Amino acid sequence: MASTSFIDRRLGVFLALLAVVTVGVPLANTALSPESGLHVPTYMLSLIGKYLCYALLAVALDLVWGYCGILSLGHGAFFALGGYAMGMHLMRQIGSRGAYGNPVLPDFMVFLGYEKLPWFWHGFDMFWFACLMVLLAPGLLAFVFGWFAFRSRVTGVYLSIITQAMTYALLLAFFRNEMGFGGNNGLTDFKDVLGFSLSSDGTRVTLFVLSALALGGGLLVGRWITMTKFGKVLVGVRDAESRTRFLGYRVEQFKLFVFTVSAMMAGVAGALYVPQVGIINPGEFSPANSIEIVIWVALGGRGTLVGAALGALIVVAAKSWLTSAFPDAWLYALGLMFILVTIFLPQGVLGLIEKLGRGRREQPEPEAVEAEA
Amino acid sequence: MSDEVRGLKGTQLYLNDVHRSFDGYKAINGLSMVITEGELRAVVGPNGAGKTTMLDIITGKTRPDQGRVIWAEHTDLTKLDEASTARLGIGRKFQKPTVFETHTVEDNLMLSLAGDRGVKASLLFRIAKAQKARIDELLELVRLTSARHRLAGSLSHGQKQWLEIGMLLAQEPKLLLVDEPAAGMTDAETMRTAELLRDIAGKRSVVVIEHDMDFVRALDCKVTVLHRGAVLAEGSLDHVSANQEVIEVYLGR
Ligand SMILES: Nc1ncnc2c1ncn2[C@@H]1O[C@H](COP(=O)(O)OP(=O)(O)OP(=O)(O)O)[C@@H](O)[C@H]1O
Ligand SMILES: [Mg+2]
């Protein structure tokens, strides 16, 4: 059951573990010698950093799905837009060091015969502007999309389908060279950010720590939102939308707000992801990506925020292990995990952990007993 | 009923010749009715008579094809949605009890308390002393004080009905629309509900839809009999029960 303290046991434990990882992994990378058994190589550090971005993305989805019942199958699009906004800045940072040596135009534009920079690439040479766009691009898309969808009271499966259509449409659009986002190759060959080389260990560690902080921050923002009366209205919308309306709440405004905040959070995750993996391409918009986020959240435990983050970490870690060990089995394994969790663990992995924890402490929490009564 | 009623003082709600059909079926067919301020009114009628649809139209959930619904002498309700009619002061209890099952009883009432319903106000909301006291009072009234920290989903059917009535009262509405409140209640609970609704009336207008004749008798108020989407008879329970048409379509089933 949801506890009433701001940092409850669940969040406290997760944040403590996250703090250990935030300090421990960079230390193990920089302070320990490569011969040491506990040394974390830089590629591994960035891999974990990437997982943390996925975890933030899962928290963003849980905020709308777990708490408000909006099953978005298009959250990958917000992540990708945040990623593209950051990628555009990194592209412009390359400057005349590109293969064609053009001081303004990125390589792919020179290759495609662009005479000048398209209007929407202006401003991205400034870091602050790119950061603003990391929030605004996904936020604005979510706002406009949500404004139409929620006002027309599109809900349930229909809403899920149009979110999926949204990300698919963007996938097709970003694939086109004429769009000016590098077509199917996307944006890559990044050199540095704010003057720091992206291949240096120091930059890598900084990006890692920033990702961990963003995840922690996302969890705290999510926790704050869901603890307020606003958050309780969201749960009301999820469980009995008409009751909320008849109490005088304008449900569409509540949905719109949380959907937009969630999209921005996803955008931040994407922006931190791109410099760590060194590329962003239209594949990030693929509908399958968005569906996978839903699986993370369901597997970890929907409507708990922490569970969503946990689910993402478990699945992506399992994915990188399985795809290298048994490349063909991954999709089946993912499907199987999803089915097993849905059938046997409706509260997700987090629910299981907490149940086991309660069993060990023997004394069941009073609230939980009443809830089952 | 004539248009003059519209100007009358003391009218809380006025339905004038309202029509609504679904795929050619006339669910509401020339319905007119006046509810005065503070009045308690029972609406009865066989299944499918259009009782719930009438409430849908009053609350802006369903738009009438024709006719007018006037609130407090001047506002036309047919242009408004559910949230707007709620904000005007119309509270509605659904036929199937609808509470927030995963919230505590207390939070259900907190969410219903009158006040700013905006996004910003909800984000910054802090409960005031007076509001806490009001919740205590309501819990006492609907006899759920000992259940205040329980999840609403764990309540019995009758308790959910009462919680929903408590939520309605928390809204401080001018008019309560109560759809079959006694369903699933024991006889004792039914009688207490009738008593509760009688107490509420006077300060607020109350329209109660009900099938249970003992309950309607206990309400001891003017009764409107609905049949095929229109008023068949209106008056005291004894008066309408003596009406030959009413006996045929409804009471004498
Ligand atoms: N949204 C709708 N779409 C189609 N038909 C509807 C709709 N709402 C009501 N109806 C129809 O209108 C008729 C009147 O229904 P209504 O629910 O108002 O009856 P009621 O008097 O409340 O009956 P009960 O006592 O069973 O609750 C029914 O035949 C119902 O099927
Ligand atoms: Mg009905």
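- Per an unreviewed UniProt entry, chain B goes by Urea ABC transporter ATP-binding protein UrtD and derives from Amaricoccus solimangrovi.

- Looking at an unreviewed UniProt entry, chain A carries the name Urea ABC transporter permease subunit UrtC, with the source organism given as Amaricoccus solimangrovi.
- Listed in UniProt under the heading Subcellular location (unreviewed entry), the comment for chain A reads: "Cell membrane".

1. So, the overall build of chain B
Logical step 1: The helix and strand inventory of chain B stands at 10 helices and 10 strands.
Logical step 2: Whereas a compact globule of 253 residues would reach a radius of gyration of roughly 18 Å, chain B reaches 18 Å, a difference of no more than 12%.
Logical step 3: Projecting the C-alpha coordinates of chain B onto the three principal axes gives extents of approximately 55 × 40 × 35 Å.
Logical step 4: For chain B, buried positions account for 57% of its 253 residues.
Logical step 5: Long-range pairs, those at least 24 residues apart, make up 66% of the contacts in chain B with a sequence separation of at least 6.
Logical step 6: Across chain B, the mean location of the 33 positive side-chain charges is 6 Å away from that of the 35 negative side-chain charges.

2. Focus: the coordination of the magnesium ion (ligand 2)
Residues and elements named next belong to chain B.
Logical step 1: The magnesium ion (ligand 2) binds to the protein through Thr-52 (OG1) and Gln-95 (OE1), with metal-donor distances spanning 1.9 to 2.2 Å. Of the two residues, Thr-52 sits in helix H1 (residues 51–58) while Gln-95 sits in the loop between strand S6 (90–93) and helix H3 (105–112), which places them 43 residues apart along the sequence.
Logical step 2: Judged by relative accessible area, which is 26%, Thr-52 ranks as partly exposed.

3. Examining the packing of helix H8 (residues 229–246) of chain A against H3 of chain B
Helix-helix packing is characterised by the crossing angle of the two axes and by the distance between the axes.
Logical step 1: The geometry of H8 of chain A relative to H3 of chain B is characterised by a closest axis approach of 11 Å and an angle of 105° between their N-to-C directions. With respect to H3 of chain B, the element H8 of chain A is oriented roughly perpendicular. For the pair H8 of chain A and H3 of chain B, the contacting residues are Lys-229, Lys-232 and Val-233 of chain A in the first and Asp-107, Met-110 and Leu-111 of chain B in the second.
Logical step 2: Residues that form the contact of H8 of chain A with H3 of chain B fall into these classes: three nonpolar, no polar and three charged.

How each quantity is defined
Residues numbered from 1 in each chain as written. Chains lettered and ligands numbered in written order. Predicted model: local features only at pLDDT ≥ 70, side-chain atom pairs only at ≥ 80, totals over all residues. Heavy atoms only, no water. UniProt positions renumbered as here; feature names shortened; annotations may be inferred. Helix = DSSP H or I, 4+ residues; strand = E, 2+ residues; numbered from the N terminus. Rg over C-alpha atoms; globule rule 2.2 N^0.38 Å. Buried < 20%, exposed > 50% of the residue type's maximum accessible area, 1.4 Å probe, protein only. Contact = heavy atoms within 4.5 Å. Lys, Arg positive; Asp, Glu negative; His and termini not counted. Charge placed at Lys NZ, Arg CZ, Asp CG, Glu CD. Donors = N, O, S within 2.8 Å, 3.2 Å for Na, K, Ca; no water. Axes fitted to C-alpha atoms, helices over the stretch in contact; angles between N-to-C directions. Parallel < 35°, antiparallel > 145°, perpendicular 65-115°, else oblique. Nonpolar A, V, L, I, M, F, W, Y, C, P; charged D, E, K, R; others polar.

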